[in-house]
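# Chain and residue survey
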Amino acid sequence: MATLQDVGVAAAINIFSAFIFFVAFAILRLQPFNDRVYFPKWYLKGLRTDPVHGGAFVRKFINLDWRSYLGFLNWMPEALRMPEPELIDHAGLDSAIYLRIYLIGLKIFVPIAFLAWTVLVPVNWTSTGLEGAKITNITSSDIDKLSVSNVHSRSERFWGHIVMAYAFTFWTCYVLLKEYEKVESMRLQFLAEERRRPDQFTVLVRNIPPDPDESVSELVEHFFLVNHPDHYLTHQVVYDANKLAKLVNKKKKLKNWLVYYQNKLERTSKRPKMKTGFLGLWGKKVDAIDYHTSEIEKLLKEIDVERENVTNDPKSIRPAAFVSFKTRWGAAICAQTQQTRNPTLWLTEWAPEPRDVYWRNLPLPYVSLAVRKLIVAVAFFFLTFFFMIPIAFVQTLASLDGIQKAAPGLKPLVSIPFIKSFIQGFLPGIVLKLFLIFLPTILMIMSKFEGFVSLSSLERRSASRYYLFNFVNIFLGNILTGTAFQQLDSFIHQPANQYPITIGTAIPLKASFFITYIMVDGWASVAAEVLMLKPLIFYHLKNFFLVKTEKDREEAMDPGSIGFNTGEPRIQLYFLLGLVYAAVTPAVLPFIIVFFGLAYVVFRHQIINVYNQEYESGAAFWPDVHFRIVLALIISQIVLMGLLTTKKAASSTPFLIVLPILTIWFHRYCKGRFEPAFVKFPLQEAMMKDTLERVTEPNLNLKGYLQFAYVHPVFKDSMDDYDDDEEEILSQTWETESVTVPTKRQSRRNTPLPSRISDASPSPSLPDSIRNHPEP
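This text gives an overview of the structure that appears in the document. All figures in this text were calculated on a predicted structure; none of them were measured in a lab. (Residues numbered from 1 in each chain as written. Predicted model: local features only at pLDDT ≥ 70, side-chain atom pairs only at ≥ 80, totals over all residues. Heavy atoms only, no water.)

Before going further, it helps to spend a moment on the pairing of strand β5 (residues 317–325). Counting buried positions over the 9 residues of β5 gives 8, a clear majority of the element. Where strand β1 (residues 202–206) lies against β5, 5 bridges are found, and the strand directions are antiparallel. Counterpart to Leu204 in the pairing with β5 is Phe322. Bridge count between strand β2 (residues 232–239) and β5: 6 bridges; the pairing is antiparallel. Bridging from a neighbouring strand, Tyr232 pairs with Phe325 of β5. (Buried < 20%, exposed > 50% of the residue type's maximum accessible area, 1.4 Å probe, protein only. Helix = DSSP H or I, 4+ residues; strand = E, 2+ residues; numbered from the N terminus. Pairing = 2+ DSSP bridges.)

So this is what it looks like as structure tokens:
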């Protein structure tokens, strides 16, 4: 068990590491040749240009003004200076609300820490439970004297912990309620003031039933002309273009290598050579430029053939489509209602914005999604459970006993006080952090296999699984002793009412480990985030070898995005630790507060200057954030009940039972009161925006605006030469009249509003300018 000295050593190491990261960042960000790495967002917006320094050649690469290095922490107040409304305009609502999660952590835990250190720490410290108790195989430290473990069994002092548990619960719920109200208001205001976007007029229709008389495109148009005659505008069927997309991506990679070798030829005036084998390690030696040129020409022919297959083969058209309407009101009605008597057909939902669409999953058959979800659920269970085995093994090796058993010759070295403190206080946390590096990638692959059709939904599902994984493997896995199989066997063979007691007993003993983990995963990792070492290296490599045009340079910057699927679960783990240990070991709280404060400043700087968010969901993730904080609050209450049960506080423990009940009621109230605003769009708001738009833009060419919004990106690449006049002919302005067109369906010859494209080509929803273009 880590002692107070071990925690102090770990704190010193992490503070020193964070300081080094900040100093390195302050130096690197001031160098002119790094400007695009640390301020890429401003370059992409066209609001910043490369710094110009007159004088010596060196000044173009290195900042020689020594005075600029004195205020190496000036970026912190600069990050806090931008007001929130301006931040929303600059980075979007998703980014602004993501930052508010860190603010919630400060709002919750600063008052809780003040109460806990004012009331509970004196109560715990002045007790002598650890001194008087004779507990075998358990060693205590000064940190444990600040915890509830130091209170005698059956002591009346436990009433202080119960009163504080009520105070912590009420305060947390109050903060969450006010924040939910604020975020809901911000979302509705954002949607009301948002500029026109294609997804405001568009729904995604899935599970379209097959029809022997009409193609999918004809069937979609016929169905919506009949059932939404006054609002239907246009549609775009979904193509299975995954193979074509792979070929196009392969072509882009080959072009990048061709540019690289052409640049190399310009620098050296010597034609580059390469081997055609695996990774260029073996095989025939050829001229690199000629080889890539010929490979690209071959690939272009394959792309042309595959495009013809996609556009002309009816089997390439999937039973799904993006359907656009003349008004937001019409789209809202369609997206939020059941279309037919059979609730499994013609399923409609709001379309993601075009940037948010994950095109690879759109062609998946809807009926296969349930099977995919089952497969992923089983795979995630085994991943979560069996991951405990290597984590437990590595954590054992990272302990003093493990090192001494594995390498007896190191016993004199690990006996040195500083080395011993380093191993016990710092090494387990860093090993656990390194062991989880590949987990987000694995979870994202699972979410993609599950079939979600938007990047935002992929990230939300991955975040949910990441949180569950953290709860089982990091929280429970480090609390419970023994191997994963022993833990599972223990949980299976003990009564359910013993679970809180088992966990509650172990909670106080692991406080020092979680303190060191917070410093490693929180303090040091957040400080390393601002340094951006990986993007810095990749940018300079690309800039040196591949960049040839300004567009190439913009692609080389690659600022990335927030990473909701990894960042939010990590935040939630700290909410869980803070709420669990608030009434048990308040010594944990200051470390969590430092994390929230430091992370807020760092990520605010990154959002303002670096991250370029891939999509905008309008804070659709907020209900998940709220639920996980409430869940952490309930877990903390159950753990405290289990802990007090082990302390034989039978007279006071029952007073805690009401807390989970009140918390669940609070969550249900918030879910019913606020959550609809995050999953539905009010018809009143839709009508207001439509009316305003009709007045301000009476000649709006809406069909022209929506015509190609949801065309697959591999087809959009071939639209560069598309003529604006032709687009105008295909488009139309506001329409209100109904039309009568004959249908192919034999059983409905007299249907008043059937398909307008009975005699269309095999791919009626794909413009000829895309189908016939020679190169994507």
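The structure having been displayed, the exposition proceeds.
Within the structure shown, the criterion is met by 38 aromatic pairs. Between Tyr180 and Phe674, the ring centres sit 5.0 Å apart and the planes meet at 20°, which makes this aromatic pair stacked. Here the residue Tyr180 occupies a position in helix α9 (residues 158–193), and Phe674 occupies one in helix α30 (residues 658–674), the gap between them amounting to 494 residues. For the pair formed by Tyr180 and Phe674, the shared burial category is buried. Ring centres of Phe564 and Phe621 lie 4.7 Å apart, and the angle between their planes is 40°; on these two criteria the pair is classed as tilted. Taken together, the residues Phe564 in helix α27 (residues 564–582) and Phe621 in the loop between α28 (589–609) and α29 (622–646) connect sequence positions 57 residues apart. As far as burial versus exposure is concerned, Phe564 and Phe621 are alike and both buried. Of the aromatic side chains, those joined through ring pairs into one cluster are Tyr98, Tyr102, Phe109, Tyr574, Phe575, Phe595, Phe596 and Phe603. The side chain of Arg48 reaches across the aromatic face of Phe39, ending 4.1 Å from its centre. Note that Lys534 overlies the ring of Phe538, its terminal NZ or CZ placed 5.9 Å from the centroid. (Phe/Tyr/Trp six-rings, centres within 6.5 Å; stacked < 30°, edge-to-face > 60°. Lys NZ or Arg CZ within 6 Å of the ring centre and 35° of its normal.)

So, about the pattern of salt bridges. Under the definition given, this model contains 23 salt bridges. A salt bridge links Arg328 to Glu693; its shortest N-O distance comes to 3.2 Å. Of this pair, Arg328 sits in helix α13 (residues 328–335) while Glu693 is found in helix α32 (residues 683–696), placing the two residues 365 residues apart along the sequence. Take Arg328: its relative accessible area is 3%, and that puts it in the buried class. Here Glu693 falls in the buried class, since its relative accessible area comes to 7%. A salt bridge links Arg628 to Glu568, with the shortest nitrogen-to-oxygen separation between them at 3.0 Å. Here Glu568 lies in helix α27 and Arg628 lies in helix α29, a separation of 60 residues in the sequence. Each member of the pair, Arg628 together with Glu568, is buried. Through salt bridges with shared partners, a single network forms among Glu194, Arg197, Asp199, Glu353 and Arg355. (Salt bridge = Lys/Arg side-chain N within 4 Å of Asp/Glu carboxyl O.)

Moving on, we come to the side chain of Asn34. You can see Asn34 is positioned in the loop between α1 (4–29) and α2 (35–38). On the basis of relative accessibility, which here comes to 1%, the residue Asn34 falls in the buried class. From its side chain, Asn34 meets the backbone oxygen of Leu28 in a polar contact 3.1 Å long. The contacts of Asn34, once residues within four sequence positions are left out, are Leu28, Leu536 and His540. (Polar contact = N/O pair within 3.5 Å; in protein donor to acceptor, adjacent residues only side chain to side chain. Contact = heavy atoms within 4.5 Å.)

Further remarks concern the environment of Leu458. On the secondary structure map, Leu458 appears in helix α21 (residues 455–479). Classification of Leu458 as buried rests on a relative accessible area of 1%. Setting aside its immediate chain neighbours within four residues, Leu458 contacts Tyr358, Met444, Ser447, Lys448 and Phe452.

Packing of helix α14 (residues 369–386) against α21 leaves a shortest axis separation of 10 Å and a crossing angle of 30°. The orientation of α14 with respect to α21, classified from their angle, is roughly parallel. Judged by the twist between their axes, the crossing of α14 over α21 is right-handed. Within the contact between the two elements, α14 uses Val376, Phe380, Leu383 and Thr384 and α21 uses Arg465, Leu468, Phe469, Val472 and Asn473. Looking at side-chain class alone, the contact of α14 with α21 contains 6 nonpolar, 2 polar and 1 charged residues. (Axes fitted to C-alpha atoms, helices over the stretch in contact; angles between N-to-C directions. Parallel < 35°, antiparallel > 145°, perpendicular 65-115°, else oblique. Left-handed = near helix turned anticlockwise from the far one by under 90°. Nonpolar A, V, L, I, M, F, W, Y, C, P; charged D, E, K, R; others polar.)

The analysis is restricted to geometry; functional conclusions fall outside its scope.
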